[in-house]
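Commentary on secondary and tertiary structure
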Amino acid sequence: MALAERPSEGRRSAPLIHWIKSILKTLGTIAITMLGLLFVTFIIGRVMPIDPVLAIVGERASQSTYDAVYQQLGLDKPLLVQFGYYLWDVLHGDFGNSLLNARPVSEDIARVFPATLELATLGVMIGIFLGVPLGVIAAVKRGSWIDQIARVVALVGYSMPIFWLGLMGLLVFYGILGWVGGPGRLDIFYEDIVPTRTGLILVDSAIAQDWDVFRNALSHIILPAALLGYYSLAYISRMTRSFMLEQLSAEYVITARVKGLSERQVIWRHAFKNIRVQLITVIALSYANLLEGSVLTEIIFSWPGIGSYITTALLSADMNAVLGGTVVVGLIFICLNIFSDLLYRFFDPRSK
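For clarity, every value in this text was computed on a predicted model and none was experimentally measured.

This part is about the overall build of the protein chain. Each helix and strand counted, the protein chain has 15 helices and 0 strands in total. In terms of C-alpha radius of gyration, the protein chain reaches 26 Å, well past the compact-globule figure of 20 Å for 352 residues. When the backbone C-alpha atoms are referred to their principal axes, the protein chain occupies close to 85 × 80 × 40 Å. The proportion of buried residues among the 352 residues of the protein chain is 36%. By sequence separation, contacts in the protein chain at least 24 residues apart represent 71% of the contacts at least 6 residues apart. Side chains of the protein chain carry 27 positive and 26 negative charges; the gap between the two charge centres is 16 Å.

Shown next, in the form of structure tokens:
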């Protein structure tokens, strides 16, 4: 009996072994990707025509002061040794101190990143809730005036410079109509009223049940979020339309219609169900682009996020802040790729 049970035990342990191998493979991929990211950011910091020592001591410092700081930063050591120190510090969450305010860069990033997260999240939600239905309707009504409008909307979203749209939006909706708040996250009167718990103004004000602060924060975020949402909508609607056109011409859709299923069932229960996996990648990429690529929007609207933080640091030759922000942005891309891969496995049984 014991010999007869061994094959079944082996079959039961096979999924567990496969699961463990999959986890180890994912962790290995993450480690290699992070190592490559850290190496690239380290090399960028060394090849840029900015002297970190001069940025600290100033141009009028004596040679002895320059040499002391040069050695203190470890720049006199071989490049691989410097990278080893840099890798050790980053793995312990130490990106060095900012040259602008002498605070740890990790603390600055923790302070500014929630602003970008809040803005990008609201923007991608607008892009999803409007872009996906628009793409589906455009595919179903292919060649109609609805399809033409959807394609024009997507084309304008791709073509128009976002900084120009931001300036025009401020001029019209803030300067002329007064429908939205101005630059920044809050009016000066409402700053530091709500306790900071998550760093997300809308969430913190809702937790504190301070609805005056919530409304003021919403009036400030709605315009930049709408612009990012429009940019995201253009990409998501275009890809949704392309995916749906491919599915609507498939044989199983024709068969479903012949069987007498309603058009609503054919579109949403059959065709749209089969593009969910593809949309996961599109939405993840769109979200990552908003988190990383909202620099111009943050600058125009004086939004204190990580994009404007990195830009200010770069213009001030604060390489510790630039490299720290770059690593965080790269880590965001890696995490979103992992998350989309997990969703792949959930929605598509074939990938398990």
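Next comes the rest of the account.
Across the protein chain, pLDDT averages 82, with 92% of residues at or above 70. Note on residues 1–5: pLDDT under 50 across the span, and 0 contacts to partners over four residues away in sequence or across chains.

Next up on the list: the pattern of salt bridges. A side chain of one charge can pair with a side chain of the opposite charge if their charged atoms are brought near each other. Here the structure, examined in full by the defined rule, presents 5 salt bridges. Measuring nitrogen to oxygen at the nearest pair gives 3.3 Å for the salt bridge that ties arginine 111 to aspartate 108. One end of the pair is arginine 111 and the other is aspartate 108, both in helix H5 (residues 105–140) and 3 residues apart, which spans about a single turn. The buried category is assigned to aspartate 108, whose relative accessible area is 0%. Between arginine 185 and glutamate 118 there is a salt bridge; the shortest N-O distance is 2.7 Å. Taken together, the residues span a long stretch of sequence, with arginine 185 in the loop between helix H7 (162–176) and helix H8 (201–207) and glutamate 118 in helix H5 at a distance of 67 residues. The burial state of arginine 185 is the same as that of glutamate 118; both residues are buried. Salt bridges sharing common partners tie together Arg103, Asp108 and Arg111.

What follows is about unusual backbone geometry. Even without being a glycine, glutamine 209 presents a positive backbone phi close to 60°. Even without a glycine there, the phi angle at serine 302 is positive, about 50°. If you trace the backbone, serine 302 turns up in the loop between helix H13 (295–300) and helix H14 (306–315). Residue serine 302 is classed as partly exposed on the basis of its relative accessible area, which comes to 47%.

The next subject is the nonpolar core. In terms of nonpolar packing, the biggest core is built from 43 residues, with Leu38, Tyr86, Ile306 and Tyr309 touching the most fellow members. Sorting the residues of this core by element identifies helix H1 (2–47), helix H4 (79–91), H5, H8, helix H9 (211–248), helix H12 (276–293), H14 and helix H15 (319–347) as the ones contributing at least two each. The leading source of residues in this core is H15, at 10 residues.

Looking now at the packing of helix H10 (residues 251–258) against helix H11 (residues 263–271). In the contact formed by H10 and H11, the axes pass within 10 Å of each other and the chain directions differ by 145°. Crossing of H10 against H11: the hand is right-handed. Residue-level contacts link Tyr252, Val253, Ala256 and Arg257 of H10 to Glu263, Val266, His270 and Ala271 of H11. Classifying every residue of the contact of H10 with H11 gives 5 nonpolar, 1 polar and 2 charged.

Attention shifts here to the side chain of arginine 185. Residue classification places arginine 185 among the buried positions, given a relative accessible area of 13%. Reaching out from arginine 185, the side chain makes a polar contact with the side chain of glutamate 118 at a distance of 2.7 Å. For arginine 185, the side chain forms a polar contact with the main-chain oxygen of glycine 199, separated by 3.1 Å.

With that settled, consider a nonpolar patch on the surface. On the surface, Met160, Phe163, Trp164, Leu167, Met168, Leu171, Val172, Phe173, Ile176, Leu177, Trp179 and Leu296 cluster together to form a nonpolar patch covering roughly 1100 Å² of accessible area. If one sorts the elements of the nonpolar patch by residue count, H7 sits on top with 8 residues. Summarising the element assignment, methionine 160 is placed in the loop between helix H6 (145–159) and H7.

What counts as what
Residues numbered from 1 in each chain as written. Predicted model: local features only at pLDDT ≥ 70, side-chain atom pairs only at ≥ 80, totals over all residues. Heavy atoms only, no water. Helix = DSSP H or I, 4+ residues; strand = E, 2+ residues; numbered from the N terminus. Rg over C-alpha atoms; globule rule 2.2 N^0.38 Å. Buried < 20%, exposed > 50% of the residue type's maximum accessible area, 1.4 Å probe, protein only. Contact = heavy atoms within 4.5 Å. Lys, Arg positive; Asp, Glu negative; His and termini not counted. Charge placed at Lys NZ, Arg CZ, Asp CG, Glu CD. pLDDT = per-residue confidence, 0-100. Salt bridge = Lys/Arg side-chain N within 4 Å of Asp/Glu carboxyl O. Core = buried A, V, L, I, M, F, W, Y, C linked by side-chain atoms within 4.5 Å. Axes fitted to C-alpha atoms, helices over the stretch in contact; angles between N-to-C directions. Left-handed = near helix turned anticlockwise from the far one by under 90°. Nonpolar A, V, L, I, M, F, W, Y, C, P; charged D, E, K, R; others polar. Polar contact = N/O pair within 3.5 Å; in protein donor to acceptor, adjacent residues only side chain to side chain. Patch = residues over 30% accessible without salt bridge, like charges linked within 9 Å, V, L, I, M, F, W, Y side chains within 5 Å. Areas by Shrake-Rupley, 256 points an atom, 1.4 Å probe, with all protein chains shown as cover.

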